Amino acid sequence: MSEELIYLEATELESLVSHKLQAAGMSQEHAEEVGRHLRYADARGIHSHGAVRVEYYAERIAKGGLTLKPAFKFEQTGPSTGIFHGDNGSGHVAAKEGLFHAIKLAQDTGVGIVGISKMGHSGMLSYYADIAAQSDLICLTVCQSDPMAVPFGGTEPYFGTNPIAFSAPTQGERPIIFDMATTVQAWGKILDARSKHLEIPNNWAVDVQGQPTTDPYKVQGLLPIAGPKGYGLMMMVDILSGSLLGLPFGKHVSSMYSDLSKGRNLGHLHIVINPAYFTDLRQFKENLSTMIAELHENQPTKGFDQVLYPGELAEKIQAESDIKGIPIVREIYDYLISETIHFDKYDHSDTFAEKE
Ligand code: NAI
């Protein structure tokens, strides 16, 4: 893929994404929300979850693998708990709607725990964590993704790259937003190395024997972060966002790239905590701001200019995007402005095949 970049205004990027998804068949309301979500990811430098995904979403829509008029339903299951039934509609929309219910429960009862049951891909988790933090709430949000990671000591992929995001409000500054996959690297980074004919570091992935590999073409599984610890975290995410909601778990979770004509039945869980039910809210936020200030004063080690708080790098990239525009690879832009809905390249059964 060409690395030529063009810089777009936020509204232009949102509108291009939205129009392409509407051309594929998505409703205007849902397409506009996906547009806002992908713009957020690209503006914060997380391009793996930005406009690069539009063609894949468009292919899934065109092949019938996303419910276009989902029968969303919120079922409150306890004073602070509920399930948002996603009906295999857009994960971006279902997870956001579910979040609003979790926020309301947390505001009314101190905590809100809402599972989103059966949805499509829900994107970059910071998006949800950020919204909750802007309402002075703490948020822990997790979701399932397709099985690509080998369990610690294993040879066969079992869990997804199962991400975790956490946010907390601060006094004055933007919230702290920690957001990561539980694998060392995303699959997209392996594809990137293949396209550039580069070796990969030996702690990213394993070959068919479960041995670390530096050859991106031999990858048959991604490695969890920090060995057994990341393995434990990805299992935790799968239990919270899969088994807890009665959904497929582990290797039974649907693959992103196979059978694009069927809904993915993915799960997501938001845990929203109202700090005002535990401590003085103002003091809490001031303490987090003090924490950030103290971290900034921490003497940086060789190769670092400053210690950053989680999410700060994305904030810096966002600030730059606000001034310069959001960088988008030319090839993605050309696709967005074209008449083509998709190029039929995402539907394949071998997860680790070269095709992207
Ligand atoms: P990453 O490696 O870019 O960042 C991980 C965390 O480290 C972030 O909180 C970031 O703020 C922090 N960080 C990075 N550099 C730092 C520094 N110098 N100082 C302090 N903190 C720093 O994230 P990763 O693992 O590549 O995930 C990317 C995105 O992919 C996430 O937004 C995640 O939600 C999304 N994702 C979504 C999936 C899905 O199925 N919906 C599956 C997997 C990931």
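As a reminder, the structure under discussion sits directly above these lines.
These figures come from a predicted structure and were not determined experimentally.

> Looking at this structure, I do not really get the packing of helix H1 (residues 10–24) against helix H2 (residues 28–43). What am I missing?
Helix-helix packing: each pair is described by the crossing angle between the helix axes and the interaxial distance. One way to put it is that H1 packs onto H2 with a least axis distance of 8 Å and a crossing angle of 135 degrees. Between H1 and H2, the angle is such that the two are oblique. In this structure, H1 meets H2 at a crossing whose hand is right-handed. Where H1 approaches H2, its residues Ala10, Leu13, Glu14, Val17, Ser18, Leu21 and Gln22 are matched on the opposing element by Gln28, Ala31, Glu32, Val34, Gly35, Arg36, Leu38, Arg39 and Asp42. Residue classes in the contact of H1 with H2 are distributed as seven nonpolar, four polar and five charged.

> Any chance you could explain the pairing of strand S5 (residues 138–143) here in plain terms?
Regular strands place side chains that alternate from one sheet face to the opposite one. Judged by how many residues are buried, S5 sits mostly within the fold: five of six residues are covered. Bridge count between S5 and strand S10 (residues 266–273): six bridges; the pairing is antiparallel. Note on S10: the bridge partner recorded for cysteine 143 is histidine 268. By the bridge criterion, four bridges tie S5 to strand S6 (residues 164–168) in an arrangement that is antiparallel.

> Even after reading the chapter, I still don't get the side chain of glutamine 185, so can you show me in this structure?
For glutamine 185, the position within the fold is in the loop between strand S7 (176–180) and helix H6 (187–195). Only 3.0 Å separates the side chain of glutamine 185 from the side chain of lysine 189, close enough to count as a polar contact. Those residues in contact with glutamine 185, other than ones at most four positions away along the chain, are Trp204 and Leu222.

> Sorry if this is basic, but what is going on with the pattern of salt bridges here?
Any two side chains of opposite charge can pair, on the condition that their charged atoms come close. All chains considered together, the criterion is met by 19 salt bridges. Arginine 44 is paired through a salt bridge with glutamate 315; the nearest N and O atoms lie 3.3 Å apart. Of this pair, arginine 44 sits in the loop between H2 and helix H3 (54–62) while glutamate 315 sits in helix H9 (residues 312–324); the two residues are 271 residues apart in sequence, bridging distant segments of the chain. Each member of the pair, arginine 44 as well as glutamate 315, is classed as buried.

> Just to check I follow, could you spell out the side chain of serine 145 for this structure?
Along the polypeptide, serine 145 turns up in the loop between S5 and S6. Since its relative accessible area comes to 11%, serine 145 is described here as buried. Among the polar contacts made by the side chain of serine 145, one reaches the side chain of threonine 161 at a distance of 2.9 Å. Serine 145 has contacts with Gly160, Thr161, Asn162 and Val253, leaving out every residue within four places of it along the chain.

> Which parts of the structure should I look at to understand unusual backbone geometry?
Across residues other than glycine, the phi torsion is negative in most instances, and most of the peptide bonds are trans. The phi dihedral of aspartate 87 is positive, around 50 degrees, even though this residue is not glycine. Checked against the element boundaries, aspartate 87 lands in the loop between strand S3 (81–85) and helix H4 (91–109).

How each quantity is defined
- Residues numbered from 1 in each chain as written.
- Predicted model: local features only at pLDDT ≥ 70, side-chain atom pairs only at ≥ 80, totals over all residues.
- Heavy atoms only, no water.
- Axes fitted to C-alpha atoms, helices over the stretch in contact; angles between N-to-C directions.
- Helix = DSSP H or I, 4+ residues; strand = E, 2+ residues; numbered from the N terminus.
- Parallel < 35°, antiparallel > 145°, perpendicular 65-115°, else oblique.
- Left-handed = near helix turned anticlockwise from the far one by under 90°.
- Contact = heavy atoms within 4.5 Å.
- Nonpolar A, V, L, I, M, F, W, Y, C, P; charged D, E, K, R; others polar.
- Buried < 20%, exposed > 50% of the residue type's maximum accessible area, 1.4 Å probe, protein only.
- Pairing = 2+ DSSP bridges.
- Polar contact = N/O pair within 3.5 Å; in protein donor to acceptor, adjacent residues only side chain to side chain.
- Salt bridge = Lys/Arg side-chain N within 4 Å of Asp/Glu carboxyl O.

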